[in-house]
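Fold and contact review
The primary structure of each chain is shown beneath.
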Amino acid sequence: MKVLSITARSASFTTECNSAYYAPAPFDVLLNGETAVKGEEKNVFSLFNLTPDTEYILEARGEKLSFKTACETSFLSVKDFGAAGDGLRDDTPSFSAAVACAEEGSTIYVPAGDYRIKPVFLKSGITLWLDKGARLVGETDRTKYPVLPAVAGEGKSRRNFGTWQGEEANCFASMLTAIGCRDVAVIGEGVIDGNAQNSDWYVNHRVMRIAWRPRGVFFNRCENVLMQGVTVRDTPSWNVHPYFCKNVKLYNLSLYNIPSMPTTDGIDPDCCEGVDIAGVNISVGDDCIAIKSGTLELARRYKTPCRDIKITDCLMECGHGGVVFGSESSGGIENVHVERCIFRGTERGFRIKTRRGRGRVGEISGVVFKNIIMQDVITPFVINMYYNMGDQTGHTEYVWTTEKLPVDELTPIVGDFEFSDMKCTGVCCCAGAFYGLPEEPIKRIKLKNVSFEFNRDCQPSFPDMKEKNEAVKCGGLYFLFTDKVELENVTFSGVEGEEVVCEGVGSVHRK
């Protein structure tokens, strides 16, 4: 057992079981000899309502662990600042007053109730605690939201506040917004409800009206960020968006959006360093976790990859993809480790979306998946260097041609990937599609101890979004322009046609 995070009033732990997401059997959690949780089912769990600056002994699954909660400088309830919590009155001023009055090391407490709010700006050194039964309900009138400008100031005073899909752009502030904060936490068993289905956020969603849509929670250039336990749902766009952040910890979150709602990703680490995602349940209308590093212009300006990302013990259900890279990935994505996760009913499992024009400021490489279960995932693996969505440039011959073009500053680089100890059942389209470029092949793909069982009753579909596409049913692994393919103990049940198809592949090692 291991401590993941501790605040003054909460703590998160992992049992480090080998099973994916769920523990092998339910277990009780004892705190100082008394039952704190009965019948816990997940590998990662959190405790709340703890006392600051107090020592505890935790017992679970036959192990003991001692820990001490952090100190707290002050405890402020939003009710003391006039919040009604009746779902009718605008409680934004009360929240803002509580934040303004909180000194570093303070906890701002939100008791049970419905709090109708516009964006609330957090600050360094505070913890916002949403107790069980507390619900923040987003304002539906976009004209009441402040706008974060794409850029303010010039020269050395230039600052980037707003962003949209990998570019500096005017966007609305999010329900919870933190800019340039350190040591900021949002914890508890409460709900952050964007209330987007009752607004016009999803109408003409690809058109900017006043500014681009807000996220549920937005951290811009923050350091030492913690979100723990809370539910984020029905957001205007992405649920949780860390942007140019360092040391981000996201534990035991529940992220929900209606499956039909557009561009409502779960978590989007964007040009971040050191992101730990554990015990999160995601079911959304787009990608569950989408790792990004900006468009080419942003990458050239800041040269900041998204790197050192760890994703463990997560359950990813409805979504276009489970763990997705891109499509804004020009700064590079490095060192991503995914382990003990379940992908259930997503369209793709692991997916990379890139194309010519994304550039080679950074490389996508150093990716490891281990101990993963995929259930009813249409296509478990996709690396697509011909991705045609996002704007009209994706439909040009420059993007879709498989003829060898000169390597230049617009040619993306896709490197090294390892997938092991994985079971994929209910596969429909194909086991995997790895589309490299002839002038810049995928460097290395290794699959070890991976099994595929196919759903023979499914309909043909496309492995991924690219021009000159063909629908496939129960296909095997397809490799196009890949330098090195390593397959060890890879099995297929119910595949139609060849298990492994290679075109333009340097070497294939199968055993």
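See the structure above.
With that settled, consider the overall build of the chain. Regarding its fold elements, the chain presents three helices and 47 strands. Against the compact-globule benchmark of 24 Å for 511 residues, the chain has a radius of gyration of 23 Å, which places it among compact chains. Counting only C-alpha atoms, the chain reaches 65 × 60 × 40 Å along its principal axes. Across the chain, contacts joining residues at least 24 apart in sequence account for 72% of those joining residues at least 6 apart. For the chain, the exposed area adds up to about 19100 Å²; of that, 47% sits on carbon and sulfur atoms. Of the charged side chains in the chain, 57 are positive and 68 negative; the average position of the first set lies 2 Å away from that of the second.

Attention now moves to the pattern of salt bridges. Here the structure, examined in full by the defined rule, presents 32 salt bridges. A salt bridge links R233 to D234; the nearest nitrogen and oxygen atoms lie 3.2 Å apart. Exposure remark for R233: the relative accessible area of 30% places this residue in the partly exposed category. Take D234: its relative accessible area is 7%, and that puts it in the buried class.

Here the focus is the side chain of T15. Residue position: T15 is located in the loop between β2 (11–14) and β3 (22–31). Note on T15: relative accessible area 6%, which makes it buried. When residues no more than four places from it in sequence are discounted, the contact partners of T15 are M1, F27, N43, F45 and R61.

Here we take up the pairing of strand β39 (residues 379–384). Of all six residues in β39, six are buried; the element is thus mostly enclosed. Taken together, the five bridges between strand β37 (residues 348–353) and β39 define a ladder with parallel strand orientation. Considered in β39, the bridge of R351 is made with V382. The pairing of β39 with strand β42 (residues 430–435) spans four bridges and is classified as parallel. Following the sheet pairing, F381 is matched in β42 by G432.

What follows deals with the sheet that holds strand β21 (residues 176–179). Taken in spatial order, the four strands make up an open sheet running β12-β21-β24-β27, and their pairing is parallel. The open sheet has two free edges, formed respectively by β12 (120–121) and β27 (240–243), since each of these has just one partner strand. In terms of strand pairing, β21 meets strand β24 (residues 217–220) through four bridges, oriented parallel. Bridge pairing in β24 links I179 to N220.

Let us now look at the sheet that holds strand β46 (residues 500–503). Spatially, the seven strands line up as an open sheet ordered β32-β35-β37-β39-β42-β44-β46, and their pairing is parallel. Every interior strand has two partners, whereas the edge strands, β32 (289–291) and β46, have only one. In this sheet, adjacent strand axes meet at a mean angle of 10 degrees when their direction is disregarded.

Tracing the sequence through the fold places T402 in the loop between α3 (397–400) and β40 (413–414). T402 sits in the partly exposed class, given a relative accessible area of 42%. Sequence spacing of T402 and F481 is 79 residues, and the spatial spacing of their C-alpha atoms is 9.3 Å. In contact with T402, not counting residues within four places along its chain, are Y386, P438, L480 and F481.

A few words on the nonpolar core. Formed by 103 residues in total, the largest nonpolar core has its most connected members in I311, F417 and F452. Take this core: its biggest share by element is six residues, from strand β43 (residues 442–454). Among all residues touching I311, those that are not within four sequence positions of it are I277, I289, I291, M316, V323, H337, V338, E339 and C341.

Moving on, we come to helix α1 (residues 92–101). Among the residues of α1, those classed as buried are T92, S94, F95, A98 and V99. Down the axis of α1, the buried set is contained in an arc of 165 degrees. They therefore lie on one face. Exposed positions of α1 whose direction lies more than 90 degrees from the buried face are P93, A100 and C101.

On to the environment of F161. Of note, F161 is situated in the loop between β17 (159–160) and β18 (163–164). In this structure, the C-alpha to C-alpha distance between F161 and N220, residues 59 residues apart in sequence, is 7.2 Å. Among residues more than four places away in sequence, those in contact with F161 are L148, P149, A150, A152, I179, F218 and N220.

Counting through the fold element by element, I57 comes out in strand β6 (residues 55–60). Considered as a pair, I57 and F417 are 360 residues apart in the sequence and their alpha carbons are 40 Å apart. With residues up to four places along the chain from it excluded, the contact list for I57 reads L30, L31, N32, K64, L65 and S66.

With an omega of 5 degrees, the peptide bond running from G326 to S327 counts as cis. Unlike most non-glycine residues, N247 shows phi in positive territory, near 60 degrees. Inspection of the secondary structure assignment puts N247 in strand β28 (residues 246–251). The class for N247 is partly exposed, based on a relative accessible area of 33%. In this model, N449 sits at a positive phi of 55 degrees, which is unusual for a non-glycine residue. One can find N449 in strand β43. Under the relative-accessibility criterion, N449 is labelled partly exposed at 29%.

A few words now on the pairing of strand β33 (residues 306–312). Relative to β33, strand β30 (residues 273–278) is paired through five bridges, and the arrangement is parallel. Looking at β33, one finds that A278 is bridged to T312. Alignment of β33 against strand β36 (residues 333–344), held across six bridges, turns out to be parallel. Across the sheet, residue I311 finds its bridge partner in β36, namely V338.

The rules we used
Residues numbered from 1 in each chain as written. Predicted model: local features only at pLDDT ≥ 70, side-chain atom pairs only at ≥ 80, totals over all residues. Heavy atoms only, no water. Helix = DSSP H or I, 4+ residues; strand = E, 2+ residues; numbered from the N terminus. Rg over C-alpha atoms; globule rule 2.2 N^0.38 Å. Contact = heavy atoms within 4.5 Å. Areas by Shrake-Rupley, 256 points an atom, 1.4 Å probe, with all protein chains shown as cover. Lys, Arg positive; Asp, Glu negative; His and termini not counted. Charge placed at Lys NZ, Arg CZ, Asp CG, Glu CD. Salt bridge = Lys/Arg side-chain N within 4 Å of Asp/Glu carboxyl O. Buried < 20%, exposed > 50% of the residue type's maximum accessible area, 1.4 Å probe, protein only. Pairing = 2+ DSSP bridges. Axes fitted to C-alpha atoms, helices over the stretch in contact; angles between N-to-C directions. Core = buried A, V, L, I, M, F, W, Y, C linked by side-chain atoms within 4.5 Å. Arc of directions from axis to C-beta.

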